[in-house]
Amino acid sequence: MDSSALNSADLQRFIEQEKQKAMVNEMVAKLTDVCWDKCITGTPGSKFSSGETTCLTYCAQRYMDMSMMIMKRFQSMQ
Amino acid sequence: MDSFSSPSSGSSPSQPSPEVFMDQLKTQLAQAYAEEFLETVRGKCFTKCVTKPGSSLSGGESSCVSRCVDRYIEATGIISRALFSSQR
């Protein structure tokens, strides 16, 4: 493929894909940061307790729920 | 990130080929992500494991750091699964 053939469309698609991936990575990194502080209260052991694992899972899912809620709340203000 | 703005220095044509550009972009994104991740892990594990810095890292602190790094990586996996496989 030469550069003129690849130009706009393919390159745009590539950049769009990379943008999506970056957003996903960002989200996972942010939630891991926040939920680590909330769920891992003691010194890290050689294995997560089931409580810690569950807390991390719930924490991520509830954060997403809350994020939706806040978005709706703001939309209803306009 | 700077090398996006200025055309890649050193390569022969002034306009890099799309393949080269894509590769560079991917590599740079991966590097940036790795750096950010490392910085976060450093911060988290220092807080957890080095509570009272002494004249050197103690054996206990070192093993705490090892465990902390492993657990942080594991936590990242758990979070990502929690978000993207909504079955559980």
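Predicted, not measured: the structure shown is a model, and the values here were computed from it.

**What to know about the UniProt feature "domain: Tim10-like" (unreviewed entry) in chain A**
Per the UniProt record, "domain: Tim10-like" (unreviewed entry) is annotated on residues 13-76 of chain A. The annotated region residues 13-76 of chain A carries 84% helix and 0% strand content, and the separation between its end C-alpha atoms amounts to 33 Å.

**What about the state of the cysteines?**
All names here are of chain B. In this structure the tally under the stated criterion is 4 disulfides over all chains. Note that Cys45 is cross-linked by a disulfide to Cys68, the S-S spacing being 2.1 Å. With the S-S bond torsion at -90°, the cross-link from Cys45 to Cys68 turns out left-handed. Here Cys45 is found in helix H2 (residues 18-49), whereas its partner Cys68 is found in helix H3 (residues 59-84), with 23 residues between them in sequence. When sorted by exposure, Cys45 lands in the same class as Cys68, which is buried. Across a sulfur-sulfur distance of 2.0 Å, Cys49 and Cys64 are joined as a disulfide pair. On the sign convention where negative means left-handed, the S-S torsion of about -70° between Cys49 and Cys64 marks this disulfide as left-handed. You can see Cys49 sitting in helix H2 and its partner Cys64 sitting in helix H3, a full 15 residues away along the chain. Residue classification places Cys49 among the buried positions, given a relative accessible area of 7%. In chain B, the bonded cysteines, numbered by position in the sequence, are linked as 1-4, 2-3.

**Details of the interface of chain A and chain B**
Listed per partner, the contact involves 34 residues of chain A and 27 residues of chain B. Across the chain A to chain B interface the summed buried area is about 2,800 Å²; carbon plus sulfur atoms make up 74%. It is Phe14(A), Trp36(A) and Pro44(A) that lose the most area in chain A upon contact with chain B, and together they represent 21% of the buried surface on that side. Linking chain A to chain B there are 2 salt bridges.

**Let's talk about a nonpolar patch on the surface**
Taken together, the side chains of Met66(A), Met69(A), Ile70(A), Phe74(A) and Met77(A) define a hydrophobic patch exposed on the protein surface, amounting to about 540 Å² of accessible area. Positionally, Met66(A) belongs in helix H3 (residues 50-77).

**Digging into the environment of Lys48(B)**
Looking at where Lys48(B) falls in the secondary structure, it is placed in helix H2. Here Lys48(B) falls in the buried class, since its relative accessible area comes to 17%. Taking the C-alpha atoms as reference points, Lys48(B) and Cys64(B), separated by 16 residues in sequence, lie 8.1 Å from one another. Ignoring sequence-local partners within four residues, the contact set of Lys48(B) consists of Trp36(A), Ile40(A), Thr41(A), Gly42(A), Thr43(A), Pro44(A) and Cys64(B).

**Section: the packing of aromatic side chains**
Scanning the entire structure with this criterion turns up 3 aromatic pairs over all chains. Chaining the aromatic ring pairs together yields one cluster made of Trp36(A), Tyr33(B), Phe37(B) and Tyr72(B). Seen from the ring of Phe48(A), Arg71(B) lies directly overhead, with NZ or CZ sitting 5.7 Å from the centre.

The rules we used
Residues numbered from 1 in each chain as written. Chains lettered and ligands numbered in written order. Predicted model: local features only at pLDDT ≥ 70, side-chain atom pairs only at ≥ 80, totals over all residues. Heavy atoms only, no water. UniProt positions renumbered as here; feature names shortened; annotations may be inferred. Helix = DSSP H or I, 4+ residues; strand = E, 2+ residues; numbered from the N terminus. Disulfide = S-S within 2.5 Å. Buried < 20%, exposed > 50% of the residue type's maximum accessible area, 1.4 Å probe, protein only. Contact = heavy atoms within 4.5 Å. Buried area = accessible area lost by both parts, 1.4 Å probe. Salt bridge = Lys/Arg side-chain N within 4 Å of Asp/Glu carboxyl O. Patch = residues over 30% accessible without salt bridge, like charges linked within 9 Å, V, L, I, M, F, W, Y side chains within 5 Å. Areas by Shrake-Rupley, 256 points an atom, 1.4 Å probe, with all protein chains shown as cover. Phe/Tyr/Trp six-rings, centres within 6.5 Å; stacked < 30°, edge-to-face > 60°. Lys NZ or Arg CZ within 6 Å of the ring centre and 35° of its normal.

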